[in-house]
Amino acid sequence: MRKIINPAPQSWGELVQRPTKNLDELEPGILETFRLVQEQGDEALLQLAQKYDGVRLQSLVTTEKEIAESEAKVPQELKEAILQAYSNIQLFHTQQAEPVKQIETMNGVNCWRKSVAIEKVGLYIPGGTAPLFSTLLMLGVPARIAGCKELVLCTPPAKDGSIHPAILYTASLLGVNRIVKAGGAQAIAAMAFGIESVPAVHKIFGPGNQYVTVAKQLVSKAGVAIDLPAGPSEVLVMADESANPAFVAADLLSQAEHGADSQVVLLTTSEEVLQQVEQELETQLRVLPRKEFAAKALENSLGIILGSRQEMLAFSNLYAPEHLILSVSDFEELMDGIANAGSVFLGHYSPESAGDYASGTNHTLPTNGYARAYSGVSLDSFVKKITFQYITREGLQHIGKTIETMAEAEGLEAHKNAVSIRLKELNRV
Ligand SMILES: NC(=O)c1ccc[n+]([C@@H]2O[C@H](COP(=O)([O-])OP(=O)(O)OC[C@H]3O[C@@H](n4cnc5c(N)ncnc54)[C@H](O)[C@@H]3O)[C@@H](O)[C@H]2O)c1
Ligand SMILES: N[C@H](CO)Cc1c[nH]c[nH+]1
Ligand SMILES: [Zn+2]
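Residues numbered from 1 in each chain as written. Chains lettered and ligands numbered in written order. Predicted model: local features only at pLDDT ≥ 70, side-chain atom pairs only at ≥ 80, totals over all residues. Heavy atoms only, no water.

Some points on the domain arrangement of the chain
The domains assigned to the chain are domain 1 (23-100 + 114-228), domain 2 (232-375) and domain 3 (392-428). For domain 1 versus domain 3, the distance between C-alpha centres works out to 49 Å. (Domains from an automatic or database assignment.)

Let's talk about the UniProt feature "binding site: substrate" (unreviewed entry) in the chain
Following the UniProt record, the feature "binding site: substrate" (unreviewed entry) maps to Ser233, Gln255, His258, His323, Asp356, Glu410 and His415 here. Maximum C-alpha separation among the annotated residues is 55.7 Å over a sequence range of 183 residues, too wide for a single clustered spot. Assignment of secondary structure puts His323 in strand 12 (residues 323-327). The class of His323 is buried, set by a relative accessible area of 2%. If near-sequence neighbours (up to four positions away) are discounted, His323 is found in contact with Glu234, Val235, Leu236, Gln255, Ser343, Phe345, Glu352, Asp356 and Leu365. Within the structure, His323 has its side chain in polar contact with the backbone oxygen of Glu234 (distance 2.8 Å). Mapped onto the secondary structure, His415 falls in helix 17 (residues 413-428). (UniProt positions renumbered as here; feature names shortened; annotations may be inferred. Helix = DSSP H or I, 4+ residues; strand = E, 2+ residues; numbered from the N terminus. Buried < 20%, exposed > 50% of the residue type's maximum accessible area, 1.4 Å probe, protein only. Contact = heavy atoms within 4.5 Å. Polar contact = N/O pair within 3.5 Å; in protein donor to acceptor, adjacent residues only side chain to side chain.)

Section: the UniProt feature "binding site: Zn(2+)" (unreviewed entry) in the chain
Summarizing the sequence annotation, UniProt attributes the feature "binding site: Zn(2+)" (unreviewed entry) to Gln255, His258, Asp356 and His415 in the numbering used throughout. What stands out for the annotated residues spanning 161 residues is how far apart their C-alpha atoms range, the widest pair being 55.7 Å apart. Mapped onto the fold, Gln255 is located in helix 10 (residues 245-256). What makes Gln255 buried here is its relative accessible area of 0%. Gln255 has contacts with Ser233, Glu234, Val235, Ser262, Val264, His323, Glu352 and Asp356, leaving out every residue within four places of it along the chain. If you trace the backbone, His258 turns up in the loop between helix 10 and strand 10 (263-268). By relative accessible area, His258 is classed as partly exposed at 29%.

Digging into the pattern of salt bridges
A complete count under the given rule lists 17 salt bridges for this structure. Salt-bridge contacts for Glu98 lead to Lys385; the nearest nitrogen and oxygen are separated by 3.2 Å. In this pair, Glu98 sits in the loop between helix 5 (76-94) and strand 2 (103-106) while Lys385 sits in strand 14 (residues 383-391), placing the two residues 287 residues apart along the sequence. Classification of Lys385 as partly exposed rests on a relative accessible area of 27%. Across the pair Asp380 and Lys385 runs a salt bridge whose closest N-O atoms are separated by 3.1 Å. Because the salt bridges share partners, they merge into one network encompassing Glu98, Arg113, Asp380 and Lys385. (Salt bridge = Lys/Arg side-chain N within 4 Å of Asp/Glu carboxyl O.)

So, the site of ligand 2
With respect to spatial proximity, the complete set of residues near ligand 2 consists of Leu132, Ser134, Ser233, Gln255, His258, Glu322, His323, Glu352, Asp356, Tyr357 and His363. Residue Glu322 places a side-chain N or O atom 2.6 Å away from an oxygen atom belonging to ligand 2. Relative to its unbound accessible area of 290 Å², ligand 2 is 92% covered by the protein chains. Tallying contributions element by element places helix 15 (residues 352-357) first for the shell around ligand 2, with three residues. (Near = heavy atom within 4 Å. Areas by Shrake-Rupley, 256 points an atom, 1.4 Å probe, with all protein chains shown as cover.)

Observations concerning the side chain of Lys216
With respect to the element layout, Lys216 can be found in helix 9 (residues 210-221). Contact partners of Lys216, with chain neighbours within four places excluded, come to Ile188, Ile204, Phe205, Gly206, Ile226, Asp227, Leu228 and Ala230.

Next up, the structure:
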């Protein structure tokens, strides 16, 4: 972790840059993958599974038999945990449904807006280095609440060609329609363009590594909707003297272990806290199974001492972290000043892992500073909001002149006439 003491505000812009490769560097390789998928369909996915996942697949689509057999491979304790998380995520996301509210803007002019499900959605579930079945809950539960009809899932296969049983078990709970053994940019291309084994979808969801995230951004330029750029995980912790260094280190490592390209940031006003957290990082890292990933991510990470709580808040807002933990006393004082963050964890007993798995909030969140403008996945992500209007005869007489005047001023005579022709008829009656 790079240690920085009281950096001048002019240098903050550079400090908030993430260690990930930029779009220009990744784009040529990913466009080549798109070309292969568009030209060769299934065959390209089979070849790329061999190249990137080290597996020679017989078939891309998971069979009913594989799905049925997975049930017995998931321990009872894990099934119960998945069901508990499912229930909390369902409760939290169900509350996001907007009631249809009809507004009469003028007498007889009635307007309303209704959420209508996106029919075909593609769910990318990361699996390159860990089988993130929790992500399937985060995407599948709101998709089902919204009423999406067709759920297509893509996830990279293991070396033996299988999909992790917990992913298959969760997919069964959600009634996923098709489970495809494909990861990376090729999976995103397949869901965007459609190939023999993978139907084209209307919107692609889900987090992933840099390749997956850039691939999603590129298909969105080609007209397929995506949820948001949700790339390598990150967390920023603000810690004061009240923080427990062991808790802070554990939270930092929880996101560092996702991958070498993750970044974690500690902001503190106390040199002593920074030292203690560094010691804890060393101790906890030693016994971590994924220490290679975490150690690499820590090399790209920052420990920054700032002059005040307000400075910490200002830096955090500029950084716009995916996850923000306020490990400070009186977090209430800072809370309202948060302008940019994907998801916020308050106090000393709200570990980030709670949001990753089971508290109910969504863990598919904007990274790389996109939290300045994007929200994480929610029920809204799975619907279009369609507006309706019903204007009565009386209503048209009230609003007609306004429309005619504006249309005329824009020089759009046909627009004006669509009103005038009706008003003439109404005035005859
Ligand atoms: N922001 C969020 O909401 C969120 C949520 C969960 C996970 N994540 C992130 O998702 C990521 C998961 O990454 P992962 O790698 O474990 O799984 P992944 O499924 O995202 O990526 C694996 C695929 O990447 C492709 N790939 C690997 N190396 C490649 C290369 N050199 N060139 C081209 N393609 C290559 C392969 O096709 C492979 O199947 C992590 O970075 C994690 O932090 C983010
Ligand atoms: N922290 C990840 C989002 O950045 C989500 C996740 C899934 N499993 C564990 N963590
Ligand atoms: Zn996580």
